[in-house]
Amino acid sequence: MARGPARNLLYLYLSNNNSSKFRFFSVSSRFLHTHFTEPKKIQDFHICGHPLPTPPQFSPLWFNQWKRFDLFNFYGHPFSTVVENEDNESELCNLDVEENECENGTLGSEKRLNFVQIASRDPVEIYKELRGASKGEKQTRADWDVLIEIFRCFAKSGWASNQALAVYIGAAFFPTAAHKFRNFFFKKCKADIAKYLVSLGPCIEAEKFLFPIFVEFCLEEFPDEIKCFRKMVESADLTKPHTWFPFARAMKRKIIYHCGPTNSGKTYNALQRFMEAKKGIYCSPLRLLAMEVFDKVNGLGVYCSLLTGQEKKHVPFSNHVACTVEMVSTDEMYDVAVIDEIQMMADSHRGYAWTRALLGLKADEIHVCGDPSVLDIVRKICSETGDGLVEQHYERFKPLVVEAKTLLGDLKNVRSGDCVVAFSRREIFEVKLAIEKHTNHRCCVIYGALPPETRRQQATLFNDPNNEFDVLVASDAVGMGLNLNIRRIIFNTLSKYNGDKIVPVPSSQVKQIAGRAGRRGSRYPEGLTTTLQLEDLDYLIECLKKPFDEVHKVGLFPFYEQVELFAGQIPNSTFSELLDRFGENCRLDGSYFLCQYNHIKKIANMLEKVQGLSLEDRFNFCFAPVNIRDPKAMYHLLKFASSYAQELPVNIAMGMPKCSARNDSELLDLETRHQVLSMYMWLSNHFENDKFPYFKKAEAMATGIAELLGESLANARWKPESRNSGKQKGQEKDGGNERPRRSQETPLSQQQQLEKVAA
Ligand SMILES: Nc1ncnc2c1ncn2[C@@H]1O[C@H](COP(=O)(O)OP(=O)(O)OP(=O)(O)O)[C@@H](O)[C@H]1O
Ligand SMILES: [Mg+2]
């Protein structure tokens, strides 16, 4: 049990979805008060995953049955108090006296008893007493000073502000409420309460003592503010996401989890069922992988279309489609669906797309492929949705062998069939330059900023044994699901820039990348992996040995309708403010987190000055695939949005370069141009066609630029430049970072945005 004079009080805040009233228990070691206005309506509150009993059963005895209590606030966030019943009931019962003797050993026993009584008094009674007092009792100057400090700390307390959310006192309003509470308290203050607070001083105990009295005060004083905030919170309700898809819920779906490490045949087996089905959908994490499946399936005689944010390749008579996961339709019915790389549900940015696909797909059979990290959470989701779950476990076809010798820091030691992995564009070109300078090998490159067509061309060039391009230099863009003729993966480094600082590459990603070596059916079915530097080897081995971390939460993001509903509660705010307020106030179940939206906010801020866009237009523009770190691409997005807002047909407003790049800045320019065209195509697919009428032209230009990029890469023998000259060194790495480009690669679908919240 937590120690301290006031800590023998434990507060559980219970809220009821149907009314604005809140419930409050003060549980002390001696007694338990309950204050319920409508006890029967308590719902959904759990202690340690156990449902809270209804009030009649709720007694100190029941409480003592548990060794440990993790309390959660209204939002399902862990309540900051964690109570442990270390021994037994008797210790718990004696706690007040012992603790107070310990803590207040210098005080007289009478006073101690008083303090014990005050500490364990019902806060509602204290509040009533204060409210009823005609004026405050006198305090000494020194005591006033301490009280002022206590209230100053209370008004700034993150703990109190966080707990206040549970009774619908928003973070923005909390300081005002705390200030008014202070004035009230000082006007009415009783000597014994003041003395008790002074004895505690400005500390968390004092905050915990004051907090329930503060809550009583707020309920009486600010009913309108509470009601208003409650409405806002309710409109940001992301709990029970499985109920958002009533049609999928009406089905009894069979989920087959293909669980195992890389190169174990998970996707292969799922695709077998996909091809056998009358109507099927394959959901890919990458455009490139969607293209690989599209080619493979069509090659095997099953007509299959391709759907990504940028392209719709309709194959006549096809009943199958390979799409990027963000583009999946939850309206269509399918016999078989495949969701590849299901562990991406936990991705901090894109996770919601996998969650949505799993919850919302209307398919009799859904094959999910991935590592075991999300197995438990998929089990939990299936028990909530009522779907059946079959688990199929896989082992690697051939073990991956670590070469202990490493390259001893010398790129001269690369061999045919090697793939050197680097985590920034700059590093990739440096490695390519060094290899081509010091050896007879020629290098293909794959990194996120390249169009998928160019990456595919580079992969084909590398896979083909009849040319001189026998080494691949790639970023982690090769890391997911792809099948290439790689003999050995060499990590150039094992750290990367995460948008903020240099960090070790996560072990799950190291495994994914290393798993590209020695694919079954490739020229090198025996896979090897190693590092460039000897000092990185231990980390590589550690990563490969490490079991998969179990994921406890998966991503969610609101649909447009949810954001719109929420916007109704805070009129006159910008879209970026709206997103922030939504993020602050949204409610989530314990198994979900809200995906990060910093990149969306950055676009929202830029588009703020564009007049005449509806909220929905802004929402859609914010999901356009743009590298937010590329000012030229951002400028084009701004121009597109401005023309759109003026109801003008949106022009591409960009010329076609005449030849391939002769230096790195020309290569960067080609990359940006392709990204702008890709963005145009995406916008054309996501807004009404006549608003972006030059789709065909953009497509033709994009194809031309992808070819120029391929030619440029074949001849690239120059030192890399940063995308934004004049940037600091750390930021330069951004140019090669994957995060922003991931959104370019697999943009989010409008269908997702427009998915109905619930029928
Ligand atoms: N039964 C099989 N017969 C022939 N080829 C197979 C078979 N199973 C898998 N393969 C081939 O082995 C390679 C790896 O299989 P697959 O892509 O399914 O692995 P995976 O477990 O999905 O790997 P990753 O986790 O990297 O996505 C592929 O080229 C696939 O075509
Ligand atoms: Mg796979």
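Quick caveat, the model's predicted, so the values are computed rather than measured.

This brings us to the nonpolar core. Residues Phe-181, Phe-185, Phe-214, Leu-361, Phe-621 and Leu-683 are the most contacted members of the largest nonpolar core, which totals 191 residues. Setting aside its immediate chain neighbours within four residues, Leu-361 contacts Ala-248, Arg-253, Ile-281, Cys-283, Val-328, Ser-329, Thr-330, Tyr-334, Ala-337, Ile-339, Arg-356 and Ile-366.

Here Arg-396 lies in the loop between strand S15 (388-393) and strand S16 (401-402). Linking Arg-396 and Cys-203, residues 193 residues apart in sequence, is a C-alpha distance of 56 Å. If we ignore the near neighbours within four places in the chain, the residues touching Arg-396 are Pro-261, Thr-262, Asn-263, Ser-264, Gly-515, Ala-517 and Gly-518. A distance of 2.9 Å separates a polar atom in the side chain of Arg-396 from a polar atom in the side chain of Thr-262. Within polar-contact distance, the side chain of Arg-396 engages the backbone oxygen of Lys-398 at 2.9 Å.

Below, the discussion takes up the domain arrangement of the chain. According to the domain assignment, the chain consists of domain 1 (118-238), domain 2 (241-393), domain 3 (400-545) and domain 4 (596-715). Relative placement of domain 1 and domain 3: their C-alpha centres are 59 Å apart.

Tracing the backbone through its elements, the reader meets Thr-460 in helix H17 (residues 452-463). Separated by 16 residues in the primary sequence, Thr-460 and Cys-444 have C-alpha atoms spaced 9.5 Å apart. Engagement of the side chain of Thr-460 in a polar contact is seen with the backbone oxygen of Arg-456, the distance being 2.6 Å.

The subject of this paragraph is the sheet that holds strand S11 (residues 312-313). Overall, mixed pairing links the 8 strands, which are arranged S11-S10-S12-S9-S13-S14-S8-S15 in an open sheet. Edge positions in the open sheet fall to S11 and S15, since each of these has one partner strand only. Sheet topology note: the strand S9 (residues 280-284)/strand S13 (residues 333-339) ladder contains 4 bridges and is parallel. Along S13, the bridge assignment pairs Tyr-282 with Val-338. Along the sheet, helix H12 (residues 266-276) makes contact with strand S8 (254-259), S9, strand S10 (304-307), strand S12 (320-324), S13 and strand S14 (362-370), crossing S14 at roughly 165°.

Calculation notes
Residues numbered from 1 in each chain as written. Chains lettered and ligands numbered in written order. Predicted model: local features only at pLDDT ≥ 70, side-chain atom pairs only at ≥ 80, totals over all residues. Heavy atoms only, no water. Core = buried A, V, L, I, M, F, W, Y, C linked by side-chain atoms within 4.5 Å. Buried < 20%, exposed > 50% of the residue type's maximum accessible area, 1.4 Å probe, protein only. Contact = heavy atoms within 4.5 Å. Helix = DSSP H or I, 4+ residues; strand = E, 2+ residues; numbered from the N terminus. Polar contact = N/O pair within 3.5 Å; in protein donor to acceptor, adjacent residues only side chain to side chain. Domains from an automatic or database assignment. Pairing = 2+ DSSP bridges. Axes fitted to C-alpha atoms, helices over the stretch in contact; angles between N-to-C directions.

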